[in-house]
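Residue-level structure breakdown
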Amino acid sequence: MIKKQNKVLDFIDKVLNSMPQDWLKLTTHRLDIYNETLAKSEFITEFERLFQEDNGNSNALSELPTAFDYIRLGHPLSCVLEWTTAQINGLDSSRVIAFSSQTMPLLAVLRKNSFENKNTRILYSGNLPKAFDFETLQRVYGYTFDWVETDSPEAVPEFEGSTVLLSQENSPEKIHNSSRVDFFINILPDLGSII
């Protein structure tokens, strides 16, 4: 596993050193080759091919299909971050989403569960950022959920509904894997979050 992680990180280093300038300057990348039905998956499929070929040169990267996401309006670097996080943790990249917001992933889960009348439990440890005011979330949005401070998700009883674990790991690649956690949200101070 460490060998694969090193291979992924070496490739990402190449990509970051030779990425097209458009990846930093454009919010909507290459609409001339945008295929809405394939959206993010087409970019990731072709990016994975470049990874397998160890081809991180600028020309190859600039020819990748449009990386589209309704939140980011096509930013390839967000997709690359998600892909890298997934690769390092042995996950499918479609199950990893990066946000510039610390609270948006939690709001998305709470909203979805509210529509589905599904119970939600939020686990956390230590001090949360000020943006996480659970009482205000309940009062303003009408969301119902429980929150439990714990140092070990495995120590909490089973729960009928969705369990969200909020973590403040200082690196995006760390994901807590627990059979009792349905959604892991890693809050990155001053950067956002990854769910």
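Data block above holds the structure.
The rules behind these values
Residues numbered from 1 in each chain as written. Predicted model: local features only at pLDDT ≥ 70, side-chain atom pairs only at ≥ 80, totals over all residues. Heavy atoms only, no water. Helix = DSSP H or I, 4+ residues; strand = E, 2+ residues; numbered from the N terminus. Buried < 20%, exposed > 50% of the residue type's maximum accessible area, 1.4 Å probe, protein only. Contact = heavy atoms within 4.5 Å. Areas by Shrake-Rupley, 256 points an atom, 1.4 Å probe, with all protein chains shown as cover. Phe/Tyr/Trp six-rings, centres within 6.5 Å; stacked < 30°, edge-to-face > 60°. Lys NZ or Arg CZ within 6 Å of the ring centre and 35° of its normal. Axes fitted to C-alpha atoms, helices over the stretch in contact; angles between N-to-C directions. Parallel < 35°, antiparallel > 145°, perpendicular 65-115°, else oblique. Left-handed = near helix turned anticlockwise from the far one by under 90°. Nonpolar A, V, L, I, M, F, W, Y, C, P; charged D, E, K, R; others polar. 1 Å grid on protein atoms, 1.4 Å probe; cavity = no way out; pocket = protein on both sides within 12 Å on 5 of 7 lines; lining within 4 Å. Points joined across faces, edges and corners; volume = space filled by probe spheres on them. Pairing = 2+ DSSP bridges. Salt bridge = Lys/Arg side-chain N within 4 Å of Asp/Glu carboxyl O.

It is worth spelling out the overall build of the chain at this point. A tally of helices and strands in the chain yields 7 helices and 6 strands. Secondary structure of the chain in N-to-C order comes out as α-α-α-α-α-β-α-β-α-β-β-β-β. The buried share of the chain, reckoned over its 195 residues, is 41%. By sequence separation, contacts in the chain at least 24 residues apart represent 66% of the contacts at least 6 residues apart. When the accessible area of the chain is evaluated, it comes to approximately 11200 Å², of which 49% is carbon and sulfur surface.

Within this structure, the stated rule accounts for 12 aromatic pairs. Three or more aromatic residues link up through ring pairs in this structure, and these residues are Phe11, Trp23, Phe43, Phe47, Phe51 and Trp83. One residue, Lys7, lies across the ring of Phe51, its end atom 4.9 Å from the ring centre.

Right, let's talk about unusual backbone geometry for a bit. Of note, Asp54 is a non-glycine position whose phi angle comes to about 55°, a positive value. Residue position: Asp54 is located in the loop between helix 3 (39-53) and helix 4 (58-62). For Asp54, a relative accessible area of 43% gives the class partly exposed.

This next bit is on the packing of helix 6 (residues 104-115) against helix 7 (residues 134-141). Look at helix 6 against helix 7: their axes get within 13 Å of each other, and the N-to-C directions meet at 45°. Regarding the angle of helix 6 to helix 7, the classification is oblique. In this structure, the crossing between helix 6 and helix 7 has a hand that is right-handed. Here helix 6 contributes Leu106, Leu107 and Leu110 to the contact with helix 7, which in turn contributes Phe134, Leu137 and Tyr141. Within the contact of helix 6 with helix 7, the residues separate by chemical class into 6 nonpolar, no polar and no charged.

Here we take up the layout of surface pockets. Approximately 240 Å³ is the volume found for the second largest pocket. Surrounding the second largest pocket, 12 residues form its lining, Ser78, Leu81, Ala98, Phe99 and Ser100 being those nearest its centre. Secondary structure elements with two or more residues in the lining of the second largest pocket: helix 5 (76-89), strand 1 (98-99) and strand 6 (192-194). Residues of the lining of the second largest pocket, tallied by class, amount to 7 nonpolar, 4 polar and 1 charged.

In spatial order, the strands read 1-6-5-4-2-3; together these 6 strands make up an open sheet with mixed pairing. Each edge of the sheet is formed by a strand with only one pairing partner; in this case those strands are strand 1 and strand 3 (146-149). Examined bridge by bridge, strand 4 (residues 162-167) and strand 5 (residues 183-188) share 4 bridges and lie parallel to one another. Pairing of Ser167 across the sheet is with Asn186, part of strand 5.

The subject of this paragraph is the pattern of salt bridges. According to the stated counting rule, one finds 4 salt bridges in the structure shown. Of the charged contacts, one joins Lys14 and Asp54 as a salt bridge, the two residues approaching to 2.7 Å between their closest N and O atoms. Residue Lys14 is found in helix 1 (residues 2-18), and its partner Asp54 is found in the loop between helix 3 and helix 4; the two are separated by 40 residues along the sequence. Accessibility expressed as a relative area gives 36% for Lys14, which makes it partly exposed. When the shortest N-O distance is used, the salt bridge between Glu116 and Lys112 registers 3.1 Å. For Glu116, a relative accessible area of 44% gives the class partly exposed. On the accessibility criterion, Lys112 (42% relative accessible area) is partly exposed. Through salt bridges that share partners, Glu46, Arg49 and Glu53 make up one connected network.

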